Amino acid sequence: MKAVATSSSSYFYKLPNPNPTRLPPSTFSFFKPIKCIQSPLNPDLNSSSLKSNPRNPTSLFSCSVVTSPPSPTSNLAVTKLHRLILEFQSLPEPIDRVKRLLDYAAKLPPLDDSLKVIENRVMGCTAQVWLDATMDKDGKMRFRADSDSEITKGFCYCLLSVVDGAGPDEVLRLKTEDLEHLSVSGLNGKANSRVNTWHNVLVSMKKRTKALVAEREGKVQGEAFPSLVVTADGIRAQGSYAEAQARFLFPEDLKVQELASLLKERKIGVVAHFYMDPEVQGVLTAAQKLWPHIYISDSLVMADMAVKMAKEGCQYISVLGVDFMSENVRAILDQAGFADVGVYRMSNEPIGCTLADAAATPAYMDYLAEASTSSPSLHVVYINTSLETKANAHELVPTITCTSSNVVQTILQAFAEVPNLKIWYGPDAYMGANIMELFQQMTVMTDEEIAEIHPAHNRASIKSLLPRLHYYQDGTCVVHHLFGHEVVERINEMYSDAFLTAHFEVPGEMFSLAMEAKKRGMGVVGSTQNILDFIRQRLQEALDRNVEDHLQFVLGTESGMVTSIVAAVRRLLGSAKSSSMGSKVSVEIVFPVSSDSVTRTSKSSSLGLSLGEVGDFMQVPIIPGVASGEGCSLHGGCASCPYMKMNSLSSLLKVCHNLLNEKDSLSAYEAGRFILRTPNGKLIADVGCEPILHMRHFQANKKLPEKLVNQILHPHSKDRTLLLS
């Protein structure tokens, strides 16, 4: 889609200035009254911001969206921004841009100390930035801002020059992409943080504009998502869903001691997924202090930790997750020489996974059969699949597993190593679409920016690989599937200035929103571990600044993650409290869930719940998650995996109690070995482990194993069977 020329027939004029501390438009030396005529945009502005977004064809650089003559003032802010861009482009040297910003900083009126409060802070800026927004009697937006950094004051002055006195529609029409030409790069390695200041202040301006417009029109603001606020002194729950989550963070000492004693006595190690039931996670987290062989992580690390526990003397491993996780633990332990270590699931019924089920269908095998006819091909399969799927796939097409944290690097490395390679990703349709979207975005990056992602690629190579990248389009995660349009709308309305975290499996709208936040340092897209690391990093940065701060994170993945997040946050705040830093910072974890995403247990109320108290869990009127999946809502998302919730504390205790004397009663709980064979007569356990081992080689060496490359290049060779053995 081509950019449309900007059109305007209006003049700049002075707006009423009822508040003398605000900036009258005439004070900006680089804005002189001119008559705007219909003309093309500056050709130097041809960049990614001028191109349409594949997910949203109407998402263009805002200066170019006018297709008919606007109202007299509808283009005023956009035109001011255009002139500001031209001014900065006339200063090619970064030092000259910094000097200009310092000049403008001296002109910024100081903000009254009464307005320098935590509620007016702009999140995501390295320096402290305060923003005050009001709407005057004429319906125009009036902004005031200040910072403890001189350069940031200059940023604020420039942004106020564009939007102060503008109509709400003008403010909302601006996009963060419009500010990319105003970067002050090349100095002290702080380019990104400085670009983020422009972006984050504008996002805050737009959020506050929306709220003031809604207030003026008498609209009731939407209900806030439930959240947990963590400080150095405790935890405060906001909303009944959050109250239920928080109660499980403080398990009864007797239950913790009972579990720890059983694990220690019977030499049982525990590996659990981040999405585990919050009651179980709360007890496990507390029991870690009494028994070291408990580990909560994403699926990739679970098998590794099981091997470590076996090496340190554990005779049994309890796996709290879905069935493909216990399969992987069993197979990897066997590969590592620990066949005598027992592996136990937490249910006598199958613990499924919608993604793993999608890859076990005839349709998925048909997808791989097509791949097998096109050489050279590589199947990149998400680790969240069964061992049988991995084995059968690997016999059809050379296969390597991936996780949400390494899938991009795996694909880019494979394309770099094997000429004319075709890659077939599956089974997660959302992750596949998000990978494709990411690569589409890379086609408009500079070669230097692409090299930072992968040194063997540039714009030409990314464009050439796109037609050779395929993904399966009929597999989704039941949890991430529900982070859809309704959730995105509420986040845009109420949390646009918050830190946004999103798993790589979320639908496209949520992915695009998180990617936009990521560009300005306000988001992360990746695995559960990536999300946890991002929150830790942002909190540590806030603590290092040693100023009062409130960090708000939207949790775009399964709500079970909150236990590990809160534990990590409390550790950091606790260690900083002695130096007074921790007492100044609070962290809010927001759950983008529906009010339907709970199971009610009684008619009693938990309002006024004191989270320092310990009580009977079933006295809580609702518990996080849903029974057998009911209650999930497209109007907010389920955010709770019903399969993971089959791993209950009572099941774990039952397994631990019966392991020594009543093992026969646990036969349905044991993760058995695969005795089935592939169509080529190989053991599923042996062939299914190989794609996992290929991935581990890649992680350790940053290149594909030679064996896998040979399998790709010689798929129909007589030696193919030998290569698989």
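Check the entry above for the structure.
The rules we used
- Residues numbered from 1 in each chain as written.
- Predicted model: local features only at pLDDT ≥ 70, side-chain atom pairs only at ≥ 80, totals over all residues.
- Heavy atoms only, no water.
- Pairing = 2+ DSSP bridges.
- Helix = DSSP H or I, 4+ residues; strand = E, 2+ residues; numbered from the N terminus.
- Axes fitted to C-alpha atoms, helices over the stretch in contact; angles between N-to-C directions.
- Contact = heavy atoms within 4.5 Å.
- Expected span 1.5 Å × (residues − 1).
- Buried < 20%, exposed > 50% of the residue type's maximum accessible area, 1.4 Å probe, protein only.
- 1 Å grid on protein atoms, 1.4 Å probe; cavity = no way out; pocket = protein on both sides within 12 Å on 5 of 7 lines; lining within 4 Å.
- Points joined across faces, edges and corners; volume = space filled by probe spheres on them.
- Nonpolar A, V, L, I, M, F, W, Y, C, P; charged D, E, K, R; others polar.

Strand order in this open sheet of 6 strands is β4-β3-β16-β15-β13-β14, and the pairing throughout is mixed. The strands lining the two open edges of the sheet, one partner per strand, are β4 (234–238) and β14 (523–526). Direction aside, neighbouring strands of the sheet carry axes that sit 15° apart on average. The pairing of strand β13 (residues 499–503) with strand β15 (residues 549–556) spans 4 bridges and is parallel. The partner of T501 across the bridge, within β15, is L555. Contacts from helix α19 (residues 508–519) reach β13, β14 and β15 within the one sheet, and its direction differs from that of β14 by about 130°. Against the sheet, helix α20 (residues 528–545) makes contact with β13, β14, β15 and β16 (585–590), and its axis sits at roughly 175° relative to β15, the strand it touches most.

All right, on to helix α10 (residues 323–335) then. The end-to-end C-alpha distance of α10 is 18 Å, a good match for the 18 Å that 13 residues give at a rise of 1.5 Å each. Among the 13 residues that make up α10, 11 are buried, leaving the element largely enclosed by the rest of the structure. Among the residues of α10, those classed as buried are D323, F324, M325, S326, E327, N328, V329, R330, A331, I332 and L333. With its phi angle positive at about 90°, G337 sits one or two positions after the end of α10.

This paragraph deals with the layout of surface pockets. If you add up the space inside the second largest pocket, you get close to 640 Å³. What lines the second largest pocket is a set of 25 residues, among which I118, E119, K207, D497 and Q552 lie closest to the centre. At the level of secondary structure, the elements contributing two or more residues to the lining of the second largest pocket comprise β1 (129–135), α5 (191–216), β3 (227–231), β4, β15 and β16. Of the residues assigned to the lining of the second largest pocket, the class counts are 10 nonpolar, 7 polar and 8 charged.

Below, the discussion takes up the environment of A369. Inspection of the secondary structure puts A369 in helix α12 (residues 362–372). Residue A369 is classed as partly exposed on the basis of its relative accessible area of 32%. Expressed as a C-alpha distance, the spacing of A369 and L396, which sit 27 residues apart in the sequence, is 6.7 Å.

This part is about the pairing of β1. Within β1, 6 of the 7 residues are buried, leaving the element largely enclosed by the surrounding structure. Bridging between β1 and strand β2 (residues 141–147) involves 7 bridges; their strand directions are antiparallel. Residue pairing in the sheet places D132 in a bridge with R144 of β2. Connecting the antiparallel pair β1 and β2 is a turn made up of 5 residues, with G139 showing a positive phi of about 80°.

Right, let's talk about empty space enclosed by the protein for a bit. Using the criterion set out here, one finds 4 cavities of 30 Å³ or more in the structure. Here the second largest cavity is characterised by a volume of approximately 60 Å³. Forming the walls of the second largest cavity are S299, L300, M302, A303, F324, M325, N328, V329, I332, I383, I692 and R696. Listing elements by their share of the lining of the second largest cavity, those giving two or more residues are α9 (299–311), α10 and α23 (684–701).

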